[in-house]
Amino acid sequence: FPSHDRTTDKIEIKPFGNNILVKPIEKKQVLLSEQNSLCKYGEVIDVGDDVQKIKVGSIIGYTVWGVNKLEINDKKYYFIPEDGRFLLGTIRMFE
């Protein structure tokens, strides 16, 4: 878990199993899936022990519906399983 998040929030969050802990990136861009459902992207903060393909620090696209949301100190986090139903892929962002 990155130290800057731990000292800011005074908490430590560790996902279990195949779950990925994601902190949304708040930008003006919005991704839409083929079904026109809202999709977001965020930074992977930590991964459970069973996660194999996604790495900490990756930027991923994910669907908003059906994932578990956690809000602490006005900061949002999502627990997203790595099984592929909610993950759209990794994203490389260029400035």
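Just so it is clear, the model here is predicted, and its values are computed rather than measured.

Caption draft 1: The arrangement of the nonpolar core in detail. Judged by nonpolar contacts, the single largest core of 13 residues is most densely connected at Ile20, Ile54, Ile60, Tyr62, Ile80 and Leu87. Excluding its chain neighbours within four sequence positions, the residues that come into contact with isoleucine 20 are Val44, Asp46, Val47, Val51, Ile54, Tyr78, Phe79, Ile80, Glu82 and Leu87. Counting six residues, the second largest nonpolar core, distinct from the first, contains Ile13, Ile72, Tyr77 and Phe79.

Caption draft 2: Spatial organisation of unusual backbone geometry. If you check the backbone angles, asparagine 73 has positive phi at about 50 degrees while not being a glycine. Relative to the helices and strands, asparagine 73 is located in the loop between β5 (68–72) and β6 (75–81). Under the relative-accessibility criterion, asparagine 73 is labelled exposed at 54%. With phi around 65 degrees, aspartate 74 is a residue other than glycine that occupies positive phi space. For aspartate 74, the position within the fold is in the loop between β5 and β6.

Caption draft 3: Inspection of the pairing of β5 at higher detail. Pairing of β5 with β6 involves five bridges; the strand directions are antiparallel. Residue pairing for β6: asparagine 68 is matched across the bridge by phenylalanine 79. Two successive antiparallel strands, β5 and β6, enclose a turn made up of two residues, where asparagine 73 displays a positive phi of approximately 50 degrees.

Caption draft 4: Just the packing of aromatic side chains, in detail. The tally for this structure, following the rule as stated, stands at one aromatic pair. On the basis of an interplanar angle of 50 degrees and a centroid distance of 5.5 Å, the ring pair of tyrosine 62 and tyrosine 78 is categorised as tilted. You can see tyrosine 62 sitting in strand β4 (residues 59–63) and its partner tyrosine 78 sitting in strand β6, a full 16 residues away along the chain. Taken as a pair, tyrosine 62 and tyrosine 78 share a single burial class, namely buried.

The rules behind each value
For every chain, the first residue of the written sequence is number 1, and numbering continues from 1 onward in sequence order. With the structure being a predicted model, the display of local features is reserved for residues of pLDDT at least 70 and the display and counting of side-chain atom pairs for 80 or more, all residues being used for whole-chain, interface and lining totals. To get the side-chain values, take all heavy atoms of the structure and skip hydrogens and water. For our purposes a nonpolar core is just a set of buried Ala, Val, Leu, Ile, Met, Phe, Trp, Tyr and Cys residues, chained together by side-chain atoms within 4.5 Å. Note on exposure labels: buried denotes an accessible area under 20% of the residue type's maximum, exposed denotes more than 50%, and partly exposed covers the range between, all computed with a 1.4 Å probe on protein chains only. Contact between two residues is taken to exist if any of their heavy atoms lie within 4.5 Å; hydrogens are not considered. Each helix is a run of H or I in the DSSP string that is no shorter than four residues. Each strand is a run of E no shorter than two, and both are numbered from the N terminus. Only strands joined by at least two bridges in the DSSP assignment are considered to pair. Stacked, tilted and edge-to-face are the three classes applied to pairs of Phe, Tyr and Trp rings, where Trp contributes its six-membered ring and a pair requires centres within 6.5 Å; stacked means planes under 30 degrees apart, edge-to-face means over 60, and tilted covers the rest.

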